[in-house]
Amino acid sequence: HTEIMFTSKGPKIVEIGCRVGGDDLLDTLWRVTGVNMMYEVIQVALGVPRRYRIRTRTHTAMRFFLPEKGGIVTAITIAPGLKEAPFLSELAIEVQPGNRVALPPDSFESMGYVSVHGKTPDEAWKHLETACRYVSFEIQ
């Protein structure tokens, strides 16, 4: 799998790995293409020839929640309605109040992530902006 970060200077390759991606990537690929990547990986490992006609069924966007400062997480707020939002694919909160978070280079861990989908790339990005406003972390 390949990970790309969009920067002010254009896209930059972050990682190229000979493995199935983590986080929400299997669900995202299924949602976007209808392809079950775990099944496909097994078929490839067994030597079964594969042919694909992939069409985009939806568009997705995802963002990691990164701490703005180091310290102790004192509160996590998820606004009502986000978990039921029709555009939400996945919300993963990987810290809890009392956990210590740090900035690079002391830590490269995220506090979680949110993944959304939409009919167009622009709609997916708008849903992502909305979803991110629904989640906040207090760090002391």
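Conventions and cut-offs
Residues numbered from 1 in each chain as written. Predicted model: local features only at pLDDT ≥ 70, side-chain atom pairs only at ≥ 80, totals over all residues. Heavy atoms only, no water. Helix = DSSP H or I, 4+ residues; strand = E, 2+ residues; numbered from the N terminus. Salt bridge = Lys/Arg side-chain N within 4 Å of Asp/Glu carboxyl O. Buried < 20%, exposed > 50% of the residue type's maximum accessible area, 1.4 Å probe, protein only. Pairing = 2+ DSSP bridges. Core = buried A, V, L, I, M, F, W, Y, C linked by side-chain atoms within 4.5 Å. Contact = heavy atoms within 4.5 Å.

Novice: Could you clarify how one ought to interpret unusual backbone geometry in this entry?
Specialist: Here Pro 104 and Pro 105 are connected by a cis peptide whose omega angle stands at 5 degrees. Examined against the element boundaries, Pro 105 turns out to sit in the loop between β6 (100-101) and β7 (112-118).

Novice: Help me understand the pattern of salt bridges, please; the structure alone is not making it clear to me.
Specialist: Pairing between side chains becomes possible if they bear opposite charge and their charged atoms approach one another. One pass over the structure, following the stated rule, counts two salt bridges. Where Asp 27 meets Arg 31, a salt bridge forms, and the shortest distance between an N and an O atom there is 4.0 Å. Separated by four residues within a single helix, Asp 27 and Arg 31 lie in helix α1 (residues 25-33), roughly one turn from each other. On the accessibility criterion, Asp 27 (28% relative accessible area) is partly exposed.

Novice: Would you mind going over the sheet that holds strand β8 (residues 135-139) with me for this structure?
Specialist: Sheet strands line up and pair through hydrogen bonds in the backbone, either parallel or antiparallel. An order of β6-β4-β8 is seen for the three strands of this open sheet, with the pairing classed as antiparallel. Looking at which strands have only one partner, the edges of the open sheet turn out to be β6 and β8. Where strand β4 (residues 71-78) meets β6, two bridges bridge the pair, whose relative direction is antiparallel. Paired with Ile 72 across the two strands is Arg 100, which belongs to β6.

Novice: For this particular structure, what's the right way to read the nonpolar core?
Specialist: Within soluble globular proteins, side chains that are nonpolar generally end up buried alongside one another. In terms of nonpolar packing, the biggest core is built from 19 residues, with Phe 65, Met 111, Val 114 and Val 116 touching the most fellow members. When contributions to this core are tallied by element, the ones reaching two or more residues are β3 (59-65), β7, α3 (121-133) and β8. In terms of residue count, α3 provides more of this core than any other element does, four residues in total. In this view, Met 111 contacts Phe 65, Leu 66, Pro 67, Ala 92, Ile 93, Glu 94, Val 95, Val 101, Phe 137 and Ile 139; residues no more than four positions away in its chain are not counted.

Novice: Even after reading the chapter, I still don't get the environment of Lys 12, so can you show me in this structure?
Specialist: Within the secondary structure layout, Lys 12 lies in strand β2 (residues 10-16). Its relative accessible area of 41% is what places Lys 12 among the partly exposed residues. In this structure Lys 12 touches Glu 3, Ile 4, Met 5 and Thr 7, once residues within four positions along its chain are discounted.

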